[in-house]
Amino acid sequence: MIYIDELIILNFIIDFIILKTTSSILKLNVKNSRLIISSIVGEISLLYLFINLNNIELTLFKLSIGVIMNFISFGYINLKEFLKNLLYFYMFSFFLGGTLYYLKIESLVKYKYYLILIPLIMNILKKLTYNLKNVMKLRHKVTIYLKNGNVLYLNGYMDTGNRLVEPYTNKNVIIINKDIKEKFFLVPFKTIENSSLLKCFMPKKVYIDGIGERNDIVVGVINKKFNGFNCLLNYNLMEE
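These figures come from a predicted structure and were not determined experimentally.

Q: Give me the lowdown on the overall build of the protein, citing residues and values where you can.
A: Helix and strand counts for the protein stand at six helices and ten strands. When each of the 240 residues of the protein is scored for burial, the buried share is 37%. Restricting to contacts in the protein with at least 6 residues of sequence separation, those with at least 24 account for 63%. Of the roughly 15,300 Å² of accessible surface on the protein, 60% is carried by carbon and sulfur atoms.

Here it is, written out as structure tokens:
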């Protein structure tokens, strides 16, 4: 059994750790004093112990407290940034809350031991989130406008190993695995194992989400399945 004074302390510690992790993941320059104030405000969420609320009311109540805590901690720049901060805060809250529930914390004595694990749990989540963010940065929606008027809508992946450049025009080559009819020409390329020729064509233009419209791209076509995407982007596009 955990008493109310113990619960207040534990709730404060957990809220602070979640806010600290959120600011660290999102690389937000936030003073600890703001996180402390926000964690103190988070104690309001414990009022549900003394108020008779149904599940919907309780969920809305806790979500509202989260909004207030995020505003105090990270401020408001624009709606997009505020919602992103809020999403990460809720994600970490659910992850940590679910983990502690799974461990069945029932007493402060137990909690003292598990408090040691909380930074470890959040550090693991931090690394997982960091890796996920890196993967998502490499994924882009790609729209290729063909000269015959057709449009290809593709899911692209920024391949660090693809730096192929068409030697005559110095245009970057992206690779797709779509069967299309176009006027092709051959571009030489090398792999670790051998050298070969890649069937390519010149599109009217290419739009890459997060990069913008490009008119300096050659599209190569291969008969090979990609894992989870159908367009292999050129990493040179990230460095220009």
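Q: Talk me through unusual backbone geometry; I want residue IDs and the actual numbers.
A: The phi dihedral of Asn170 is positive, around 65°, even though this residue is not glycine. Here Asn170 lies in the loop between β3 (165–166) and β4 (171–176).

Q: Lay out the pattern of salt bridges in plain terms, naming residues and giving numbers.
A: Opposite charge on two side chains allows them to pair when their charged atoms are near. For the structure on display, the rule yields three salt bridges. Residues Glu81 and Lys84 are paired through a salt bridge, measuring 3.3 Å at the closest nitrogen-oxygen approach. Here the residue Glu81 and the residue Lys84 both occupy positions in helix α4 (residues 79–102), the gap between them amounting to three residues, near one helical turn. The class for Glu81 is partly exposed, based on a relative accessible area of 26%.

Q: Give a description of a nonpolar patch on the surface that names residues and reports values.
A: Nonpolar side chains collect at one region of the surface, where Ile4, Ile8, Ile44, Leu47, Leu49, Phe50 and Ile51 lie side by side and expose about 620 Å² of accessible area between them. Along the chain, the position of Leu49 falls in the loop between α2 (32–41) and α3 (55–74). Given a relative accessible area of 41%, Leu49 falls into the partly exposed group.

Q: Can you break down the environment of Phe92 residue by residue, with the values?
A: With respect to the helices and strands, the residue Phe92 is situated in helix α4. In this structure, the C-alpha to C-alpha distance between Phe92 and Ile18, residues 74 residues apart in sequence, is 6.3 Å.

Q: Quick rundown of the pairing of strand β2 (residues 151–159)? Include the residues and the values.
A: Side-chain alternation along β2 places Leu152, Leu154, Gly156 and Met158 on a buried face and Val151, Tyr153, Asn155, Tyr157 and Asp159 on a face that remains uncovered. Taking the residues between adjacent antiparallel strands as the criterion, strand β1 (residues 139–145) and β2 are bridged by five residues, where Gly149 takes a positive phi near 100°. One ladder, built from four bridges, connects β2 with strand β10 (residues 231–234); its direction is parallel. Residue pairing for β10: Gly156 is matched across the bridge by Cys231.

Cut-offs used in this document
- Residues numbered from 1 in each chain as written.
- Predicted model: local features only at pLDDT ≥ 70, side-chain atom pairs only at ≥ 80, totals over all residues.
- Heavy atoms only, no water.
- Helix = DSSP H or I, 4+ residues; strand = E, 2+ residues; numbered from the N terminus.
- Buried < 20%, exposed > 50% of the residue type's maximum accessible area, 1.4 Å probe, protein only.
- Contact = heavy atoms within 4.5 Å.
- Areas by Shrake-Rupley, 256 points an atom, 1.4 Å probe, with all protein chains shown as cover.
- Salt bridge = Lys/Arg side-chain N within 4 Å of Asp/Glu carboxyl O.
- Patch = residues over 30% accessible without salt bridge, like charges linked within 9 Å, V, L, I, M, F, W, Y side chains within 5 Å.
- Pairing = 2+ DSSP bridges.

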